Amino acid sequence: MTEHVTAAIIGAGFGGMGAGISLDRTGIDDWVILEREPDLGGTWQVNRYPGLAVDIPSLSYSFSFEPNPDWSRLFAPGAELKSYCDHVADRYDLRRRMRFEHTVTEAHWDEAEERWVIELSDREPITATYLIAATGFLSQPRVPDIDGIDTFAGTVIHSTDWDATADLTGTRAAVIGTGATAVQLIPEVARQAESLTVFQRTPIWVVPRIDMEMPGWLRALFRRAPLTQKVARKGNDLLLESLIFGVVHHRQAGFASRLVQRGAQRFLHSQVRDPALRRQLTPGYSFGCKRPTFSNSYFRTFTKPHVTLETDPIARVEPDAIVTESGTRHQIDTLLLATGFNLWDVNFPAITVVGRDGRDLGKWWRENRFGSFQGVSVPAFPNFFSLASPFGYTGLNYFTTIEAEMVHLSRVLGEARRRGAPTVEVTETAYDEFCARMRRLVEDTVFTLGDCATARSYYFNQHGEATLLRPTASWRAHREQQRFDLAAYRFSPAQSRSEPSAIRA
Ligand SMILES: Cc1cc2nc3c(=O)[nH]c(=O)nc-3n(C[C@H](O)[C@H](O)[C@H](O)COP(=O)(O)OP(=O)(O)OC[C@H]3O[C@@H](n4cnc5c(N)ncnc54)[C@H](O)[C@@H]3O)c2cc1C
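Residues numbered from 1 in each chain as written. Predicted model: local features only at pLDDT ≥ 70, side-chain atom pairs only at ≥ 80, totals over all residues. Heavy atoms only, no water.

Brief notes about the environment of Gly358
(1) Moving on: Relative to the elements of secondary structure, Gly358 occurs in the loop between strand E17 (352-354) and helix H10 (361-368).
(2) Moving on: Sequence separation between Gly358 and Ala380 is 22 residues, and the spatial gap between their C-alpha atoms is 9.1 Å. (Helix = DSSP H or I, 4+ residues; strand = E, 2+ residues; numbered from the N terminus.)

Quick look at the structure:
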């Protein structure tokens, strides 16, 4: 007998945990989380590189209904985030429903049985009435395809697979990549290594990180008067939102992102005196085309005598060196890959998902443009919710995305239960209208109006369309999830037609 559960969630990161909490709140407690890793936490379980920390203030980076008054710093280190994940799992009784080392390979809709059949690597399949993919946007590491990389004789470490025993003291290290991870990693490596060469393809906009230790009195205040933390969070959310206001509403408020860009330029100027080095570190694309990041030590690291910035493209890797196209040979013994994640080739979706009439989601997205309804659902995929979908990512704080999606799940599944509907599926019309509206709004963003040609940003898919970020303010996205007309979904069996207002949650 194949095991059957009411709901299966793929991924035990914050997204999967949020989905689990939503299911409990909706009255569905017969669910499992299938997780390929041996532990929970997603991003914060996998990434352990030196320097790992949140890249937005921790005041905002947590579930709003489960604030943590005990962050040690304004930008909490990664290990504290992992502890917070553990805390949430225990507090909301999620852990007992998690199954680790369960890698999902494929899921297909069984029309006759009205359920999802979920295939697992090296295990028996299970079936579920609802399938929720919480596989994250940044969970499929990108390993660069560089000629000769397999022949390298020294140590190779990817930032998502950090070797805790690795000692970089006195080594000749190289870092490939200058994205958000590299901004955190590079200053730490420079502190230990005898020499460090950083291979940069695309510079990154960096703004100052106003970090500080959280004073004891503030933590005590947050503990004793939780409302104060709520207010502090709101203020911080507003600040974060203002950082990308001009990015999302570039047509109306492009001056705001140009202002931030000018601030970032000034910051670079204050950190690096050498004009040639400064030029190399200055992005040639508009602020916001790529996720900006915060650091006080990144730029300054390049001014250290033992650190070299190499902007000449890599031609090949040899057993003891990296050789650039112009023939410069950098001898190294440790190669650190901060090459990020592959989103568009392998992550939409992260597994093979086959819906009604044999529709393969990955294939269909690639042949029909990427899209979703409210960042969550796609027609012909009944009872399926994908939390890492195109137009799903909202704002700079991932929790705004997760919590908006939790509202979506609760409303739709709550309504399905209320009606006793065995299946629920977004209509083609709702999907088309939502995608068309998002595409129109993208026309107003920096992605269309700015100069993003050289950004190589994961906000853009392989066809050059900016279909990752939901091009609206976070508060608007949240409000829409609370208010969209549930007639966007078809609940089966066919319900007697009621006024849309009557079926609003
Ligand atoms: C280094 C780093 C720092 C970040 N810092 C911030 C930050 O400061 N602020 C912010 O807002 N965002 C940040 N992010 C983005 C971050 O990914 C999100 O904030 C959030 O943690 C994502 O949660 P998630 O559950 O959606 O995805 P993830 O945390 O990626 O979890 C997805 C889970 O799905 C599992 N999975 C994937 N495929 C399968 C499969 N086939 N079978 C079974 N399990 C599978 C993975 O193992 C993983 O555990 C950061 C990302 C990275 C990589």
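Structure's up, so let's keep going.
Structural notes on the packing of aromatic side chains
(1) Moving on: Counted under the stated rule, the structure contains 36 aromatic pairs.
(2) Moving on: Judged by centre distance (5.8 Å) and plane angle (80°), the ring pair of Phe65 and Tyr92 falls under edge-to-face. Here Phe65 is found in the loop between helix H2 (43-46) and helix H3 (78-91), whereas its partner Tyr92 is found in the loop between H3 and strand E3 (98-99), with 27 residues between them in sequence.
(3) Moving on: Centroid distance Phe447 to Phe460: 5.6 Å. Interplanar angle 90°. Geometry classified as edge-to-face. Residue Phe447 is found in helix H13 (residues 446-449), and its partner Phe460 is found in the loop between H13 and helix H14 (474-483); the two are separated by 13 residues along the sequence. For the pair Phe447 and Phe460, one class covers both residues: buried.
(4) Moving on: Members of the aromatic cluster, joined through ring pairs, are Phe14, Trp44, Tyr61, Phe63, Phe65, Trp71, Tyr84, Tyr92 and Phe399.
(5) Moving on: Here the guanidinium or amino end of Arg25 rests over the ring plane of Phe65, the centre of that ring lying 4.4 Å away.
(6) Moving on: In this arrangement the basic side chain of Arg411 is found over the ring face of Phe484, its NZ or CZ atom lying 4.6 Å from the centre. (Phe/Tyr/Trp six-rings, centres within 6.5 Å; stacked < 30°, edge-to-face > 60°. Buried < 20%, exposed > 50% of the residue type's maximum accessible area, 1.4 Å probe, protein only. Lys NZ or Arg CZ within 6 Å of the ring centre and 35° of its normal.)

Considerations on the sheet that holds strand E15 (residues 329-331)
(1) Moving on: Strand order in the open sheet formed by three strands is E13-E14-E15, and the pairing between neighbours is antiparallel. Each edge of the open sheet carries a strand with a single partner, namely strand E13 (314-318) and E15. Neighbouring strand axes in the sheet, compared pairwise and without regard to direction, differ in orientation by 20° on average.
(2) Moving on: Two strands pair when backbone bridges link them, and strand E14 (residues 321-324) and E15 are joined in this way by three bridges, in the antiparallel orientation. When the bridges of E15 are listed, Ile322 appears paired with His330. (Pairing = 2+ DSSP bridges. Axes fitted to C-alpha atoms, helices over the stretch in contact; angles between N-to-C directions.)

A look at the sheet that holds strand E12 (residues 307-310)
(1) Moving on: One open sheet holds the five strands; their spatial order is E7-E16-E8-E9-E12, and the pairing between them is parallel. Of all the strands in the sheet, the pair left with one neighbour each is strand E7 (155-158) and E12. Each strand of the sheet is rotated relative to its neighbour by a mean of 15°, with strand direction disregarded.
(2) Moving on: One ladder, built from four bridges, connects E7 with strand E16 (residues 334-337); its direction is parallel. When the bridges of E16 are listed, His158 appears paired with Leu337.
(3) Moving on: Against the sheet, helix H4 (residues 180-192) contacts strand E8 (172-176), strand E9 (195-199), E12 and E16, and its axis sits at roughly 155° relative to E9. (Contact = heavy atoms within 4.5 Å.)

Digging into the site of the ligand
(1) Moving on: Taken together, 35 residues lie near the ligand, and Glu35, Thr43, Asp55, Tyr61 and Tyr398 sit nearest.
(2) Moving on: A distance of 2.6 Å is found between an oxygen atom of the ligand and a side-chain nitrogen or oxygen belonging to Glu35.
(3) Moving on: The backbone of Asp55 places a nitrogen or oxygen atom 2.5 Å from an oxygen atom of the ligand.
(4) Moving on: Relative to its unbound accessible surface of 980 Å², the ligand loses 96% to contact with the protein.
(5) Moving on: Where the shell around the ligand is concerned, the elements lending two or more residues are helix H1 (14-26) and H2.
(6) Moving on: Counted by class, the shell around the ligand contains 17 nonpolar, 13 polar and five charged residues. (Near = heavy atom within 4 Å. Polar contact = N/O pair within 3.5 Å; in protein donor to acceptor, adjacent residues only side chain to side chain. Areas by Shrake-Rupley, 256 points an atom, 1.4 Å probe, with all protein chains shown as cover. Nonpolar A, V, L, I, M, F, W, Y, C, P; charged D, E, K, R; others polar.)

Some points on the domain arrangement of the protein
(1) Moving on: Considered domain by domain, the protein is made up of domain 1 (3-139 + 343-492) and domain 2 (149-337).
(2) Moving on: Using C-alpha coordinates to define each centre, domain 1 is positioned 27 Å away from domain 2.
(3) Moving on: Counting residues at the interface gives 51 residues for domain 1, matched by 45 residues for domain 2.
(4) Moving on: Both faces considered, domain 1 and domain 2 share a buried interface measuring about 4,500 Å² in area, 53% of it formed by carbon and sulfur atoms.
(5) Moving on: If you sort the residues of domain 1 by the area they bury against domain 2, Tyr49, Leu59 and Leu396 come out on top, with a joint share of 16%.
(6) Moving on: Joining domain 1 to domain 2, the criterion identifies four salt bridges.
(7) Moving on: Linking domain 1 with domain 2 are 25 residue pairs in polar contact (both at pLDDT 80 or more), by the criterion used here. (Domains from an automatic or database assignment. Buried area = accessible area lost by both parts, 1.4 Å probe. Salt bridge = Lys/Arg side-chain N within 4 Å of Asp/Glu carboxyl O.)

Digging into unusual backbone geometry
(1) Moving on: Here the residue pair Phe348 and Pro349 is connected by a cis peptide bond, since its omega of -5° sits within 30 degrees of zero.
(2) Moving on: A cis amide bond links Ser492 with the next residue in sequence, Pro493, at an omega value of -5°.
(3) Moving on: Positionally, Pro493 belongs in the segment after strand E20 (489-492).
(4) Moving on: The backbone phi angle of Glu114 is positive, close to 50°, even though this residue is not glycine.
(5) Moving on: Structurally, the position occupied by Glu114 is in the loop between strand E4 (104-110) and strand E5 (115-120).
(6) Moving on: At Phe391, a position not held by glycine, the phi torsion is positive, near 65°.
(7) Moving on: Turning to its location among the elements, Phe391 is positioned in the loop between strand E18 (384-386) and helix H11 (398-419).
(8) Moving on: Residue Phe391 is classed as buried on the basis of its relative accessible area of 0%.

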